[in-house]
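# Coordinates in review
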Amino acid sequence: MSDDAEIRTLIDEEAIAARVGEIAREIAGSSPQRLLVVAVLKGSFMFAADLVRAMHRVGLRPEMEFIHLSSYGSGTESREIRVLRDVESDVAGRDVILVDDILESGRTLAFARDRLTERGAGSVRIAALLDKPMRRKSAISADYVGFDCPDKFVVGYGMDMGHKWRQLPYIGYVVQDAPEPANV
Ligand code: IMP
Ligand code: MG
C-alpha cells in the first residue's frame, strides 16, 4: 500500500472528543472506587490517553495500567490469545475499566476481563471505542461504547492496518491506493 492511499473519514476529531467526554462523565456517575484504567495495547493507546484526561477533568483520579495482548492463529475459530506484557499493579478489590479500540469477536476482551476477575478485581467494566456487534463470537458486551462501527476495516486514532495509520487524529477507512506516479 502506498503512503498516499485515500482515507475516508468515518468519525471526525470533534465527534470523538465529544463522545470521550460523555463516557468520562458516565464513568464518574458510577462513583468508581480505587479506579484502575487498563489499556489494551496497542490499538487503544490514543483513546485511553484521551479518556483518562477526560476523566481527570470530571474529577476522577484513575491510576493507569497496560496489558499487551496478541491474538494469533489462522482460522477465526482457532485463534489463541497471548500475553506479551501483563498488568503489574494489584487489582484486588478495585474497580477496573478495560479500554480497547474495537470490540469485534470479543475474544481479546473476554480473555482480559477473565484474567482480571480471577485476580480479584472488585469489578471489571469495558470501554470500547468502537463496537462491531455483527462480528461477535464471545458472550461479551461493552459497558461503555464510543460508536457503533459499520462492518468495515477501520484505521486511525490508534488503529492500524499493517502498522500504518495509527497516527491519524480521526477514524477512517482506506478507500483505495492512489495511483502510482508515472515513470518519467
Ligand atoms: P476481537 O474482539 O478479539 O476480535 O479483537 C478485536 C481487535 O482486533 C481490536 O482490538 C483490534 O486490535 C483488531 N481489529 C478488529 N477490527 C479492526 C479494524 O477494523 N481495524 C483495526 N483493527 C481491528
Ligand atoms: Mg486491539
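Located above this text is the structure these notes cover.
These notes cover the structure that comes with them. (Residues numbered from 1 in each chain as written. Chains lettered and ligands numbered in written order. Predicted model: local features only at pLDDT ≥ 70, side-chain atom pairs only at ≥ 80, totals over all residues. Heavy atoms only, no water.)

### Digging into the site of ligand 1
The local shell around ligand 1 holds 13 residues, among which D101, S105, G106, T108 and V154 are the closest. Within the side chain of T108, a nitrogen or oxygen atom sits 2.6 Å from an oxygen atom of ligand 1. In the complex, the protein chains occlude 82% of the 490 Å² of accessible area that ligand 1 would expose alone. When residues of the shell around ligand 1 are traced back to their parent elements, those giving at least two are β5 (95-103) and α3 (107-118). The element contributing the most residues to the shell around ligand 1 is β5, with three residues. Classifying every residue of the shell around ligand 1 by side-chain character gives three nonpolar, three polar and seven charged. (Near = heavy atom within 4 Å. Polar contact = N/O pair within 3.5 Å; in protein donor to acceptor, adjacent residues only side chain to side chain. Areas by Shrake-Rupley, 256 points an atom, 1.4 Å probe, with all protein chains shown as cover. Helix = DSSP H or I, 4+ residues; strand = E, 2+ residues; numbered from the N terminus. Nonpolar A, V, L, I, M, F, W, Y, C, P; charged D, E, K, R; others polar.)

### Description of helix α1 (residues 13-29)
Helix length check: α1 (17 residues) gives 25 Å between terminal C-alpha atoms against 24 Å at 1.5 Å per residue, within 8%. Taken residue by residue, α1 has I16, R19, V20, G21, I23, A24 and I27 as its buried positions. Considering only its buried residues, α1 is in contact with β1 (6-11), α2 (45-57), β5, β7 (144-148) and β9 (171-176). Phi for S31, located one or two positions after α1, is positive at around 45°. (Expected span 1.5 Å × (residues − 1). Buried < 20%, exposed > 50% of the residue type's maximum accessible area, 1.4 Å probe, protein only. Contact = heavy atoms within 4.5 Å.)

### Description of the sheet that holds β7
Ordered in space as β4-β3-β2-β5-β6-β7, the six strands form an open sheet in which the pairing is mixed. The sheet is open, and its two edges are formed by β4 (80-85) and β7, each paired on a single side. Direction aside, neighbouring strands of the sheet carry axes that sit 25° apart on average. Those strands touched by α1 are β5 and β7, and its axis lies near 155° from that of β7. Most of the contacts of α3 go to β5, to which it runs at about 170°, and overall it touches β2 (36-41), β3 (63-72), β4, β5 and β6 (123-131). (Pairing = 2+ DSSP bridges. Axes fitted to C-alpha atoms, helices over the stretch in contact; angles between N-to-C directions.)

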